[in-house]
Amino acid sequence: MQNPDQHPRQLPEWADPGVPADVLDAQGLSRRGLLQRAGLFGAGFLGASALGGAAPALAADTKVSAGDRDVPPPTYAYLVGDHHVHTVYSNDAKYTLSQQAMRAAQFGLDWMAYTEHSHVGHRDIGAELERAEIATARAENPRMLIFQGLEWYIPAAEHATVLVAPGANEASVLREFERRWDGRLNNWTEGAAGNPATADNEAKAVEAVRWLAEQKRAGVIDDALLLANHPARLGIDSPHELRNWRDADPSLFVGMEGAPGAQGAALPGWRGSNSVRGEYENSPTSQSWAGYPAAAYVTYGGFDWMTATVGGMWDAMLAEGKLFSITSNSDSHRTVFDTWANGSYPAGKTFESTGKLPDPVQTSSPQPGSDFWPGQFSRTHVGVSGYGYRQVMDGLRAGRVWVDHGQLIDGLDVWAVSDRQDLEPVTLGGRLRVRRGDRMSLYVTVTTASRPNFHGVLPQLAHVDVIRGAVTGPAADRDSWRAPDTRVVERVDVTGRTGTYTLRVQLRKLESSFYLRLRGSDGRRHGVGLLGADIDPAGPLAGVRGDDDPWLDTWFYSNPIFVDVG
C-alpha cells in the first residue's frame, strides 16, 4: 500500500553519515555510536525500511561468551518515540500539528503519533482535515515518522491508542472505527444513561479489536496496533478486560502505557495540593473494578500501579507466558509553564461544526497544564533493523521496547543466551528455549546519559534491578492481578559508572519456565514495594501530593525476555 505522503523520507541526523559529527550534540553522538556498533549505520539502515525490512547486521566487536563460544548478540537501533499526542483536533487540547511536530523534533523524537479523542466533530469533519495536515507535517519533518492515530474510548473501559500504518485508507479506517466502535459516541461507557449491561459493553470492545484485525487481513490497511492508555487511572480497566483485549488478537492489542502522560501535574506549587503525577487523582467509583486496592489509584515514580508493582497486574499477565508490552508517552494536551492559550471560535462556530479548535494565541503568562512536550520527559525506545513506519510497528509488536523518564540513560541493550551451542541469543520481547538443567546468562549493556537532560541536569543511573517471574500458564482466574512468584532477584549498584558498560547475570540449573525484566532509577526515592520487602525491597514510591517534581525521581523499565524450559 502506498504511503500518501510522497515526499522522500530522510534518516534522523544522528543516523545520517552525511551530517557531520561536529554538528551533533552529545546525545546525537551517543546515538550515532550505538547505531554504528549495531552495524546499521547509513544508507543500509534507510534501505531496510521497505516492508519486511532487512535482517539486522551484526557488529563484529559485540560478541559475548556463552559456555566455550563467543556469540554476537541480536543488534537493533532504538528509535525514540511517543504514541500519544493531541492537537487542535482534540476538543480538550491546544496546539497545532506543526507546533507538536516542531517540539518533538526539538526533543529528539524519531517517530510520533497524533491520537485525537473520539468526538462527533472529529468523526464527521476533523479526521479528514487532520489527514491533510499530517501529510504537510510529514513533508515539513522528513527526518521524523509521523503516524495518524486515534484515542479510542473503549466500551466499558478507559482509553486506548489506535495506530495504523500510513496508506491511502488510514484516515477512512480510523474514522469508520470511531463511528462503529467508540464507547462515548455510541453510549457504551459505564454509567451512561440507558446504556446496556457491562458484559454487553465489554463484548463490544472485543468485537472492535477483531474488526480492526479484519481490516488488516483484508488489505484495507497495511498494519494496525492498539495500546491501553493510563490503565489504572480510574480503576475501570478490569483484569479480565485487559486479558480479553489481548486475547482477541495478540498481534494487534499489544500492550499498555507503563507510565501515563501528564507527568508535570504535581510540580511543586503548580496545580494544587492534591495533584499526582499522571493526574491519577481519583478514588474508586461504582464503575471501578472492586478488586483493585486503594493503592492502585496513584502513580509510583511516575509509573502506573500495574507496572510499578512487582508481582502485580503486569506481572500477572506476563506470568501467562504471553507478551504484553509497556510504553511511556507525553499524552500532550497542555504543557506546563507554556504561555499559549486557546483561540476563540468565530461567531456561531463550535468544535462540532468545525472539527477542530481555533489555533492558539500567545499570552504573557503561564497557562494551566500538566504535560510535557513530546520527548521532553517521557520516551519509548523501539528496537528496529531499518528506518520506517512498519519497522516501528513491528518493533512494538515484537516487544523490543524499553522506556525512560528524564533522559535517564542514552541506551539499553538486553539479551539472553544459553550455554548450549545450538541456540542463538534473544533480546527484549523474545523467547529463549532451553532444556531443563541448562545454564544461561543475561547481558545488560547500559550507555549512560551523555548530556544534561531538558531540566539542565546530567542524569545519573544508580542501580539496575533484575525482576524474575515464574511462567505458570493461562490464568485460572481471569480477574487475578497477582503474580506471587515474581520478585526482584538482583539489584546491581552502578553508582558513578559512566560511558558504556555491560552487566552479566548468570542463571544455573534452569528447572521451569520464567521471564526476566529490568528497571532502574536515579536512586533518589525508593522504599519497600507494595507487596512486601521479600518481593521488592527498594521499589518506586507514591509521590507526595502536590509536591512531586518528576525530574527528581526518574526510572527506566524494560520489556521482558521469556525463557521456556522444557
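First, a word on what this report is: a plain description of the structure on this page. (Residues numbered from 1 in each chain as written. Predicted model: local features only at pLDDT ≥ 70, side-chain atom pairs only at ≥ 80, totals over all residues. Heavy atoms only, no water.)

## Points about the pairing of strand S5 (residues 145-153)
At step 1: With nine of nine residues buried, S5 lies mostly within the body of the structure.
At step 2: The alternating pattern of S5 places Leu145, Phe147, Gly149, Glu151 and Tyr153 on one face and Ile146, Gln148, Leu150 and Trp152 on the opposite face, and all of these are buried.
At step 3: Across seven bridges, strand S4 (residues 111-117) lies against S5 in parallel orientation. By the bridge assignment for S5, glutamate 116 is matched with leucine 150.
At step 4: Between the parallel pair S4 and S5, the chain is carried across by helix H4 (residues 120-140), and the sense of this crossover is right-handed.
At step 5: Sheet topology note: the S5/strand S6 (residues 159-164) ladder contains five bridges and is antiparallel. Within S6, the position partnered with leucine 150 by the bridge is valine 162. (Buried < 20%, exposed > 50% of the residue type's maximum accessible area, 1.4 Å probe, protein only. Helix = DSSP H or I, 4+ residues; strand = E, 2+ residues; numbered from the N terminus. Pairing = 2+ DSSP bridges. Right-handed = clockwise from strand over helix to strand, strands pointing away.)

## Observations concerning the packing of aromatic side chains
At step 1: Evaluation of the coordinates by the stated rule reveals 20 aromatic pairs.
At step 2: Taken together, a centroid distance of 5.0 Å and an interplanar angle of 75 degrees make the contact between tryptophan 152 and phenylalanine 177 edge-to-face. Of this pair, tryptophan 152 sits in strand S5 while phenylalanine 177 is found in helix H5 (residues 170-181), placing the two residues 25 residues apart along the sequence.
At step 3: On the basis of relative accessibility, which here comes to 0%, the residue tryptophan 152 falls in the buried class.
At step 4: Note on phenylalanine 177: relative accessible area 1%, which makes it buried.
At step 5: Three or more aromatic residues link up through ring pairs in this structure, and these residues are Trp289, Tyr292, Trp305 and Trp481.
At step 6: Looking at arginine 468, its charged tip hangs above the ring of phenylalanine 514, at a distance of 3.9 Å from the centre.
At step 7: Its guanidinium or amino end placed over the ring of tryptophan 481, arginine 482 lies 5.8 Å from that ring's centre, counting from NZ or CZ. (Phe/Tyr/Trp six-rings, centres within 6.5 Å; stacked < 30°, edge-to-face > 60°. Lys NZ or Arg CZ within 6 Å of the ring centre and 35° of its normal.)

## Structural notes on helix H11 (residues 389-398)
At step 1: Of all 10 residues in H11, eight are buried; the element is thus mostly enclosed.
At step 2: Of the residues making up H11, those classed as buried are Tyr389, Arg390, Gln391, Val392, Met393, Gly395, Leu396 and Arg397.
At step 3: Two residues or fewer after H11 comes glycine 399, characterised by a positive phi angle close to 85 degrees.

## Some points on the nonpolar core
At step 1: Counting 96 residues, the largest nonpolar core has Phe45, Met112, Ile146, Trp152, Phe177 and Leu212 as its most contacted members.
At step 2: Ranked by residue count, the leading element in this core is helix H6 (residues 198-217), at seven residues.
At step 3: Aside from chain neighbours lying at most four places away, what touches phenylalanine 45 is Leu11, Ala15, Leu35, Leu40, Ala77, Leu79, Val384, Ser385, Gly386 and Tyr387.
At step 4: Grouped together as the second largest cluster of nonpolar side chains are 34 residues, Tyr76, Leu412, Val444 and Val466 included. (Core = buried A, V, L, I, M, F, W, Y, C linked by side-chain atoms within 4.5 Å. Contact = heavy atoms within 4.5 Å.)

## Remarks on the environment of leucine 11
At step 1: Position of leucine 11 among the secondary structure elements: in the segment before helix H1 (26-37).
At step 2: With 377 residues separating them along the chain, leucine 11 and glycine 388 place their C-alpha atoms 9.4 Å apart.
At step 3: The residues contacting leucine 11, other than those within four sequence positions of it, are Asp16, Gly42, Phe45, Leu46, Arg143 and Tyr387.

## Some thoughts on the side chain of threonine 447
At step 1: When you line up the elements, threonine 447 lands in strand S17 (residues 440-448).
At step 2: Polar side-chain contacts of threonine 447 include one of 3.0 Å to the side chain of threonine 500.
At step 3: If we ignore the near neighbours within four places in the chain, the residues touching threonine 447 are Ser30, Leu34, Arg37, Ile409, Asp410, Gly411, Gly499 and Thr500. (Polar contact = N/O pair within 3.5 Å; in protein donor to acceptor, adjacent residues only side chain to side chain.)

## Examining the packing of H6 against helix H7 (residues 239-248)
At step 1: Following both chains from N to C, one finds H6 and H7 inclined at 25 degrees, their axes separated by 9 Å at the closest point. Classified by the interaxial angle, the pair formed by H6 and H7 is roughly parallel. Judged by the sense of rotation from one axis to the other, the crossing of H6 with H7 is right-handed. Contacts from Glu202, Ala205, Val206, Val209 and Arg210 of H6 reach H7 at His240, Glu241, Asn244, Trp245 and Ala248.
At step 2: For the contact of H6 with H7, the class distribution of residues is five nonpolar, two polar and three charged. (Axes fitted to C-alpha atoms, helices over the stretch in contact; angles between N-to-C directions. Parallel < 35°, antiparallel > 145°, perpendicular 65-115°, else oblique. Left-handed = near helix turned anticlockwise from the far one by under 90°. Nonpolar A, V, L, I, M, F, W, Y, C, P; charged D, E, K, R; others polar.)

## Overview of the environment of glycine 369
At step 1: Take glycine 369: it is sitting in the loop between strand S11 (361-362) and strand S12 (378-384).
At step 2: Sequence spacing of glycine 369 and arginine 478 is 109 residues, and the spatial spacing of their C-alpha atoms is 37 Å.
At step 3: What glycine 369 contacts, discounting residues up to four positions off in sequence, is Trp270, Arg271, Arg334, Thr335 and Val336.

## A few points about the sheet that holds S17
At step 1: Pairing is antiparallel across the open sheet formed by four strands, whose spatial order is S15-S14-S17-S20. Looking at which strands have only one partner, the edges of the open sheet turn out to be strand S15 (426-427) and strand S20 (500-507).
At step 2: Sheet analysis places S17 next to S20, joined by eight bridges and oriented antiparallel. Its bridge partner lying in S20, valine 446 is registered against tyrosine 501.

## Let's talk about the packing of H5 against H6
At step 1: The contact between H5 and H6 brings their axes to 11 Å, and the two run at 160 degrees. Taken together, the axes of H5 and H6 lie roughly antiparallel to each other. Read as a crossing pair, H5 and H6 show a hand that is right-handed. Between H5, through Val173, Glu176, Phe177, Arg180 and Trp181, and H6, the contact on the second element is made entirely by Lys204, Glu207, Ala208, Trp211, Leu212 and Gln215.
At step 2: Broken down by class, the residue content of the contact of H5 with H6 amounts to six nonpolar, one polar and four charged.

## Section: unusual backbone geometry
At step 1: A positive phi angle, close to 65 degrees, is found at asparagine 187, a residue other than glycine.
At step 2: Its identity as a non-glycine residue notwithstanding, histidine 230 has a phi of 30 degrees, on the positive side.
At step 3: Along the polypeptide, histidine 230 turns up in the loop between strand S7 (224-229) and H7.
At step 4: Of the residues examined, histidine 230 reaches a relative accessible area of 3% and is grouped as buried.

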